[in-house]
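Commentary on secondary and tertiary structure
So you can see what is in the structure, the chains are spelled out below.
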Amino acid sequence: MIYLDHAATAFARPPEVRDAMVHFLDRVSANPGRSGHRLSLAAAEVVYEAREAVAELFHAPDPLRVVFGLNGTEAINQALVGLLRPGDHVVTSSLEHNAVMRPLRALEARGVAVTVVRCSPEGLLDPAHIEQALRPETRMIVLNHASNVVGTVLPVAAAGRIARAHGVLLLVDAAQTAGAWPIDVEGDHIDLLAFTGHKSLLGPTGTGGLVIGARVDPGAMQPLKHGGTGSASEHERQPEFLPDRLESGTPNAVGIAGLGAAVRWLLDRGIEAVQEQEAALAVRLIAGLSAIAGVRVYGTEDPARRTATVSFTVAGRSVAEVGYALDESFDILSRVGLHCAPAAHRTIGTFPEGTVRFSLGLFNNADDVDCAVDAVARIAGGSP
Amino acid sequence: MSSEAHAVVVVHSTSHAMKITRRLKERGLAWKLVPVPRHISSDCGVCVRILRADVEAVRSAVAELGVEIVGIEEI
């Protein structure tokens, strides 16, 4: 079996992730930050170590401003719903996933204005278009760091400079890049970074979070959930300090144990090394697919401007047929359709049919890529 | 060591205590996480026990961390 659906969820993980989770379940397993006995403290230590690892990976200065949650979607919702009010204006791109688009459309119905800046059919965004879309009431710029459909990387550093110059906040959806691409929240002026744990970060599902920059006042952020935090228990109002304000209820500590181990493993390996390895495979995949008659590959070929997520179509075959043939006849797992990103497919011209998507991971190799290219060539040639 | 020789740094949450203990470790200052004494607060959390002699050194070590200290109490 060749797994090429890492943009949805990673398949293989370092054994350290499983080991950390088993250790937590067998030896720790208490409620972090609640009781104060030794196991509760050990659990809190595991969670805090994960905050430190995440902060180090994203160059965030304060681990207390790493707020854990279920996934990227929850983090994005927390940032958007927590900060935007009727009358505010938001600028976003036409490459966004529904994790951004749906909460924005819901907020639009409550009086938040939304401008969607068009990206090129290749999936590239000109930062000047973001600046042109700003209004006096613009509160936030919201950008995908990289498209989950075509893999193109958006100019977040340029957007960060624009955001600072105009006094607006920058929220980056790093679902596709966290763990696969360098991210520097300080250097790139990212005020809010939403990440998920189960993709390139190589952690388990049910983990993710929001990194909150110094320009965001946590007291002004409305929590998605209110409840027990193990702190300030004498008060019936939600505390204003982080991370507690946005972390009500017992966290997914066993998942966070796995996430912390995964991020530490990535830090030891080096994100630049991860990026180089995946880029080499992506270049090989794009070259192979592009050489097949009847196959069209979307997005830029430039490895400096894309992740290892590659979308393509095969002339005369529906994407569903191609995906089914890859799975049934070639034992290759891909993802077909719209990838929860209708705006992105409209941008690249593949709506409503969608594309076939191969998304490579750190544990894929050149043989996997060659087998996948060969399988697509056979399908394009009329087999099976 | 007798309890008279100690003080506790009371903070808002366990995460804050974790951040402080890392700094104290870096500075070579003695610490232990202990439940908040009941005569100080009814909260269910923990605080950082330090040597009473280290109170000023702890204040200065924690000053630039950005963690709000609720209070330092002798115990």
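Conventions adopted
- Residues numbered from 1 in each chain as written.
- Chains lettered and ligands numbered in written order.
- Predicted model: local features only at pLDDT ≥ 70, side-chain atom pairs only at ≥ 80, totals over all residues.
- Heavy atoms only, no water.
- Helix = DSSP H or I, 4+ residues; strand = E, 2+ residues; numbered from the N terminus.
- Rg over C-alpha atoms; globule rule 2.2 N^0.38 Å.
- Buried < 20%, exposed > 50% of the residue type's maximum accessible area, 1.4 Å probe, protein only.
- Contact = heavy atoms within 4.5 Å.
- Areas by Shrake-Rupley, 256 points an atom, 1.4 Å probe, with all protein chains shown as cover.
- Lys, Arg positive; Asp, Glu negative; His and termini not counted.
- Charge placed at Lys NZ, Arg CZ, Asp CG, Glu CD.
- Pairing = 2+ DSSP bridges.
- Axes fitted to C-alpha atoms, helices over the stretch in contact; angles between N-to-C directions.
- Polar contact = N/O pair within 3.5 Å; in protein donor to acceptor, adjacent residues only side chain to side chain.
- Buried area = accessible area lost by both parts, 1.4 Å probe.
- Salt bridge = Lys/Arg side-chain N within 4 Å of Asp/Glu carboxyl O.
- Nonpolar A, V, L, I, M, F, W, Y, C, P; charged D, E, K, R; others polar.
- 1 Å grid on protein atoms, 1.4 Å probe; cavity = no way out; pocket = protein on both sides within 12 Å on 5 of 7 lines; lining within 4 Å.
- Points joined across faces, edges and corners; volume = space filled by probe spheres on them.

What to know about the overall build of chain B
- The number of helices and strands found in chain B is two helices and four strands.
- Mapped from its N terminus to its C terminus, chain B presents α and β elements in the order β-α-β-β-α-β.
- The globule rule puts the C-alpha radius of gyration for 75 residues at 11 Å, and the 11 Å found for chain B is close to it.
- By its C-alpha atoms, chain B is 30 × 25 × 15 Å across when sized along the principal axes.
- Counting every position in chain B, which comprises 75 residues, the buried fraction comes to 52%.
- For chain B, the share of sequence-separated contacts (at least 6 apart) that also reach a separation of at least 24 residues comes to 70%.
- With an accessible surface of roughly 3,700 Å², chain B has 50% of that area assigned to carbon and sulfur atoms.
- Counting 10 positive and 9 negative side-chain charges, chain B places the centres of these two groups 7 Å from one another.

A few points about the overall build of chain A
- On a plain count of helices and strands, chain A comes out with eleven helices and 13 strands.
- On C-alpha atoms alone, chain A measures out to a radius of gyration of 21 Å, which is about the 21 Å that the 2.2 N^0.38 rule sets for 384 residues.
- Referenced to the eigenvectors of the C-alpha coordinate spread, the extents of chain A come out at roughly 70 × 55 × 30 Å.
- In chain A, buried positions account for 58% of the 384 residues.
- Long-range pairs, those at least 24 residues apart, make up 68% of the contacts in chain A with a sequence separation of at least 6.
- On chain A, roughly 14,800 Å² of surface is accessible, and the fraction owed to carbon and sulfur atoms is 51%.
- Looking at chain A, you have 32 positive and 43 negative side-chain charges, and the mean spots of the two groups are 5 Å apart.

Overview of the sheet that holds strand E3 (residues 89–93) of chain A
Residue and element names in this part refer to chain A.
- Spatial strand order, E2-E8-E7-E6-E5-E3-E4: seven strands in an open sheet with mixed pairing. Across the chains shown, the open sheet's two edge strands, defined by having one partner strand only, are strand E2 (66–69) and strand E4 (113–117). Across the sheet, the axes of successive neighbouring strands diverge by a mean angle of 20°, strand direction being ignored.
- Against the sheet, helix H2 (residues 38–57) engages E2, strand E7 (192–196) and strand E8 (208–212), with an angle of about 115° to E2.
- The strands touched by helix H3 (residues 72–83) are E2, strand E5 (138–144), strand E6 (169–173), E7 and E8; relative to E7, the strand with the most contacts, the crossing angle is about 155°.

Topic: the side chain of A:His145
All names here are of chain A.
- Residue position: His 145 is located in the loop between E5 and helix H6 (156–166).
- Within polar-contact distance, the side chain of His 145 engages the side chain of Thr 177 at 2.7 Å.
- Apart from the residues within four sequence positions on either side, His 145 is in contact with Thr 152, Val 153, Leu 154, Val 156, Val 172, Asp 173, Ala 174, Thr 177, Trp 181, Pro 182 and Ile 183.

Here's the deal with the interface of chain A and chain B
- Across the boundary between the two partners, chain A contributes 22 residues, which contact 16 residues of chain B.
- In terms of surface lost to chain B, no three residues of chain A exceed A:Leu41, A:Tyr48 and A:Leu64, which account for 32% of the buried area on that side.
- For the interface between chain A and chain B, the tally reads three salt bridges.
- Note that A:Glu45 and B:Arg22 form a salt bridge whose closest N and O atoms lie 2.7 Å from each other.
- Partitioning the side of chain A that touches chain B into residue classes produces eight nonpolar, six polar and eight charged.

Structural notes on empty space enclosed by the protein
- In the structure shown here, the tally under the stated rule is six cavities of 30 Å³ or more.
- Here the largest cavity is characterised by a volume of approximately 200 Å³.
- Considering the residues around the largest cavity, the lining is formed by 17 residues, among which A:Pro32, A:Gly33, A:Arg51, A:Glu247 and B:Ser15 are closest to the centre.
- Secondary-structure elements contributing two or more residues to the lining of the largest cavity are H2 of chain A together with helix H1 (14–26) of chain B.
- The element contributing the most residues to the lining of the largest cavity is H2(A), with four residues.
- Residue composition of the lining of the largest cavity, grouped by class: seven nonpolar, six polar and four charged.
- As for the second largest cavity, its lining consists of 13 residues, of which A:Gln176, A:Ser200, A:Glu278, A:Thr309 and A:Leu360 are closest to the centre.
- Per-class residue counts for the lining of the second largest cavity are five nonpolar, six polar and two charged.

Some thoughts on the sheet that holds strand E1 (residues 6–11) of chain B
Residues and elements named next belong to chain B.
- As summarised here, the arrangement of the four strands in space is E2-E3-E1-E4, forming an open sheet in which the pairing is antiparallel. In the strand order of this sheet, the two ends are held by strand E2 (32–35) and strand E4 (69–74), each with one partner. Pairwise comparison of adjacent strand axes, ignoring direction, gives a mean angle of 35° for this sheet.
- Alignment of E1 against strand E3 (residues 46–51), held across four bridges, turns out to be antiparallel. Following the sheet pairing, His 6 is matched in E3 by Leu 51.

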